[in-house]
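Each chain, letter by letter, is given below.
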Amino acid sequence: MRRDTQVEITAENVWVLVSTALVLIMTPGLGLFYGGMTRAKAALNMIMMSFISAGIVGVIWVLWGYSMTGGEGVLGIFGNPFASFGLTNLIGSPDLIKAAYAGTFAMVTVALISGAIADRAKFSSWALFVPIWVTLVYCPLAYMVWGGGLLGANGAITSVFGQVIDFAGGTVVEISSGVAALVLAVIVGKRQGFGKDPNHRPHNIPFIMLGAAILWFGWFGFNGGAATTAEQAGLIWINTLVAPAAAMLSWLVTEKIRHGHPTSLGAASGVVAGLVAITPSCANISPVAAIGLGLVAGALCAIFVDLKYRFGLDDSLDVVGVHLGGGLIGTLALGFIALPVDGQGGGLFYGGGLQQLVAQSVAVLVTVLLSGLVTAVLGLAIHKTLGFRVSEEAENVGVDLSEHAETAYAFGELSRSRFNPFHHQVNAPAGNAPAGNQAQEKEDSLV
């Protein structure tokens, strides 16, 4: 029997669903971006760290993660983890769409941290770190900023210092992951040959460029998914377009001045730096200000990345320089360039006084303290028990083989193959053994 009742799906529902898919693809895109930046013998491990983050967080989010980011809170710090446990009480409600969208943010946030410990971390230890960190750091921060907690509109901290602006995650995503990356890099220690071995360089620049492109594509959903009006969506999109474009240009200029050459890696890193910086402010600054923000973020993040060699911090894939640095720039910049709302408030450049800068600074401080302290305790606990770092031998062999028993590339095997792609079996040439040896030498030079 045909039922006359129709299920309505609004334009807002459709847009959030599309944005959810856009943000979801950012995590495997990040895996490609990070995978290309490692040595060849660690590429799969790096990609896997992003994938396992998505898998673990996806399950955690349904069980208790989403519940901890909203609803009735505990001391304004986190929501009741049992209020929507398993999301069964949301079945039949469009709130499930919002829950899915929010979950993709948690996935990519924890995956960002992995870049700081590339080439040397135990996969099992990382898999243990992910669910605990998401539960104790990400979910409380998301609640405090977006779910009605201490930093929300009616929160206790807000009532004293003013309302923080963080539209898409300058504190919750970027600064929290950047601080955690810094702490873990210190705990795990430097790679063998850090700063000396020329083989510690990106092995696949096209992977990096492709990953950056996927991240830029997905970031339109990341920033724009929560837009409530067409006018707001338009501002978010143009800012998300122009800030990374400007940051890429300023990063390349900085590279040219400091090192003599603009590089492809610099272009990709500049794009990501601009995206990070515009994240908290995408709905609250003008397009011209977004250009200025991108120019500043690109240049400063390029300098921040170089500082790791001066301080001896092996932040393998520049998570601290780009995400912590860009997150701080974007979050604090709102104290200067935030647009007034209905003629009220705004940043210093709009006559809004110091209040917005104070609110942004307090939010940064809370984020740094929470993420830093919890990551330090958690990271040290894992490092002193299971061990966070692979053995010296495993690191030399490569974490792809030692942790996963597979490799991303097989140059030697391909050169010795008797298989012809045109479906003909061919005899191995007389010089096959030397050719195989040459291919193996080539493989060794790449890893």
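Residues numbered from 1 in each chain as written. Predicted model: local features only at pLDDT ≥ 70, side-chain atom pairs only at ≥ 80, totals over all residues. Heavy atoms only, no water.

Draft legend 1. Highlighting the packing of aromatic side chains. Taken as a whole and assessed by the stated rule, the structure comprises 15 aromatic pairs. Linked through ring pairs, Tyr101, Phe105, Trp146, Trp219 and Phe222 together constitute an aromatic cluster. (Phe/Tyr/Trp six-rings, centres within 6.5 Å; stacked < 30°, edge-to-face > 60°.)

Draft legend 2. Up close: the environment of valine 62. Mapping valine 62 onto the fold places it in helix H3 (residues 43-65). Those residues in contact with valine 62 that sit more than four places away from it in its chain are Ser84, Phe85, Gly86 and Leu87. (Helix = DSSP H or I, 4+ residues; strand = E, 2+ residues; numbered from the N terminus. Contact = heavy atoms within 4.5 Å.)

Draft legend 3. The packing of helix H10 (residues 264-278) against helix H11 (residues 287-311), seen in detail. Packing of H10 against H11 leaves a shortest axis separation of 8 Å and a crossing angle of 125°. By the criterion of interaxial angle, the relationship of H10 to H11 is oblique. By crossing handedness, the relation of H10 to H11 is classed as right-handed. Residues Ala273, Ala277 and Ile278 of H10 form the contact with H11, whose participating residues are Ala290, Leu293, Ala297 and Cys301. (Axes fitted to C-alpha atoms, helices over the stretch in contact; angles between N-to-C directions. Parallel < 35°, antiparallel > 145°, perpendicular 65-115°, else oblique. Left-handed = near helix turned anticlockwise from the far one by under 90°.)

Draft legend 4. Summary view of the state of the cysteines. Taken as a whole and assessed by the stated rule, the structure comprises 0 disulfides. Here cysteine 282 stays unpaired: no disulfide links it, and the sulfur of cysteine 301, its closest cysteine neighbor, is 17 Å away. Looking at cysteine 282, the relative accessible area reads 0%, which means it is buried. (Disulfide = S-S within 2.5 Å. Buried < 20%, exposed > 50% of the residue type's maximum accessible area, 1.4 Å probe, protein only.)

Draft legend 5. Focus on the pattern of salt bridges. Tallied over the entire structure, the rule returns 7 salt bridges. The shortest N-O distance in the salt bridge between aspartate 119 and arginine 191 comes to 3.4 Å. Pair noted here: aspartate 119 is in the loop between helix H4 (95-113) and helix H5 (123-146) and arginine 191 is in the loop between helix H7 (170-188) and helix H8 (205-224), with a separation of 72 residues, a long-range link. With relative accessibility at 2%, the residue aspartate 119 sits in the buried group. With relative accessibility at 10%, the residue arginine 191 sits in the buried group. When the shortest N-O distance is used, the salt bridge between arginine 191 and aspartate 314 registers 2.8 Å. Placement of the pair is arginine 191 in the loop between H7 and H8 and aspartate 314 in the loop between H11 and helix H12 (319-337), with a sequence separation of 123 residues. Like aspartate 314, arginine 191 is buried. (Salt bridge = Lys/Arg side-chain N within 4 Å of Asp/Glu carboxyl O.)

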